[in-house]
Amino acid sequence: RRGAGRVGGNAQLPADHLKYRLPFLKSLLRREPWRRKSVSEELRALGVSADDIVDELSNPTDWGLPGSYTDSNQPGAKREVRLVGKSGTEVVIEGEDESGNRFKCKGTLNGKSGMLTVDFGPKQGEGVAAKLLGQVVSYLPLSEAGHPGIVWQDGSSWEKV
């Protein structure tokens, strides 16, 4: 249904709905660039100025990245992702490989694009450089539950749990 769930015209919403709707829309504005036009229109319909929308886009975000993940290549293997440092862009990933060996990898998060760059060398073995790019997404396309996650350039994905 076209326009379902959109605010517009004479629609009357309870004040508490707006309290939750505005932050949600602002997060979508940053996390899902392909929806910027429709989300911006909805924000304007809710009374958000064009300047506020531009300010929102210029603020980096953590993209909901920190948390626990499962690896599509290693079912049951957990990955813990944290943001560290003052900038909020440094990433630490800890987990276990299929043999039970613990690893800790470091990387960076681009707060504007949601792109991750992680050096998985410590997981691969001593002296191995294995940088991998990943994109944080609001939902994994192949996830039955529609959970957020990370899609890696090698084709694997991590689902947030």
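Being a predicted model, the structure only gives us computed values, none of them experimental. (Residues numbered from 1 in each chain as written. Predicted model: local features only at pLDDT ≥ 70, side-chain atom pairs only at ≥ 80, totals over all residues. Heavy atoms only, no water.)

Draft legend 1. Structural context of the overall build of the chain. Each helix and strand in the chain was counted, giving four helices and eight strands. Residues classed as buried in the chain amount to 33% of the 161 residues present. Nonlocal contacts in the chain, meaning residues at least 24 apart in sequence, comprise 32% of its contacts between residues at least 6 apart. When the accessible surface of the chain is split by element, carbon and sulfur atoms take 50% of a total near 9,900 Å². (Helix = DSSP H or I, 4+ residues; strand = E, 2+ residues; numbered from the N terminus. Buried < 20%, exposed > 50% of the residue type's maximum accessible area, 1.4 Å probe, protein only. Contact = heavy atoms within 4.5 Å. Areas by Shrake-Rupley, 256 points an atom, 1.4 Å probe, with all protein chains shown as cover.)

Draft legend 2. A look at helix α2 (residues 36-45). Every buried residue of α2 is accounted for by Val 39, Ser 40, Glu 42 and Leu 43. Down the axis of α2, the smallest arc covering the buried residues is 160 degrees, so these residues share one side. Once α2 finishes, Gly 47 follows within two positions and takes phi at roughly 95 degrees, a positive value. (Arc of directions from axis to C-beta.)

Draft legend 3. Spotlight on the sheet that holds strand β8 (residues 157-160). Pairing within the closed barrel is antiparallel, and its eight strands lie in the order β1-β2-β3-β4-β5-β6-β7-β8. The mean angle between the axes of side-by-side strands here comes to 30 degrees, regardless of whether they run parallel or antiparallel. As paired elements, strand β2 (residues 74-84) and strand β3 (residues 90-96) share six bridges and run antiparallel to each other. Paired with Glu 80 across the bridge in β3 is Glu 94. (Pairing = 2+ DSSP bridges. Axes fitted to C-alpha atoms, helices over the stretch in contact; angles between N-to-C directions.)

Draft legend 4. Main features of the nonpolar core. Grouped together as the largest cluster of nonpolar side chains are 17 residues, with contacts concentrated most on Leu 65, Ile 93, Leu 116, Phe 120, Trp 152 and Trp 158. Among the secondary structure elements, those contributing two or more residues to this core are β3, β4 (102-109), β5 (115-119), β6 (131-137) and β7 (149-152). Broken down by element, the residue count for this core peaks at three residues, all from β4. In this structure, Leu 65 is in contact with Val 81, Leu 83, Val 91, Leu 109, Leu 116, Val 136, Ile 150 and Lys 160, ignoring residues within four places of it in sequence. Leu 25, Leu 43, Val 48 and Ile 53 belong to the second largest nonpolar core, which has six residues in total. (Core = buried A, V, L, I, M, F, W, Y, C linked by side-chain atoms within 4.5 Å.)

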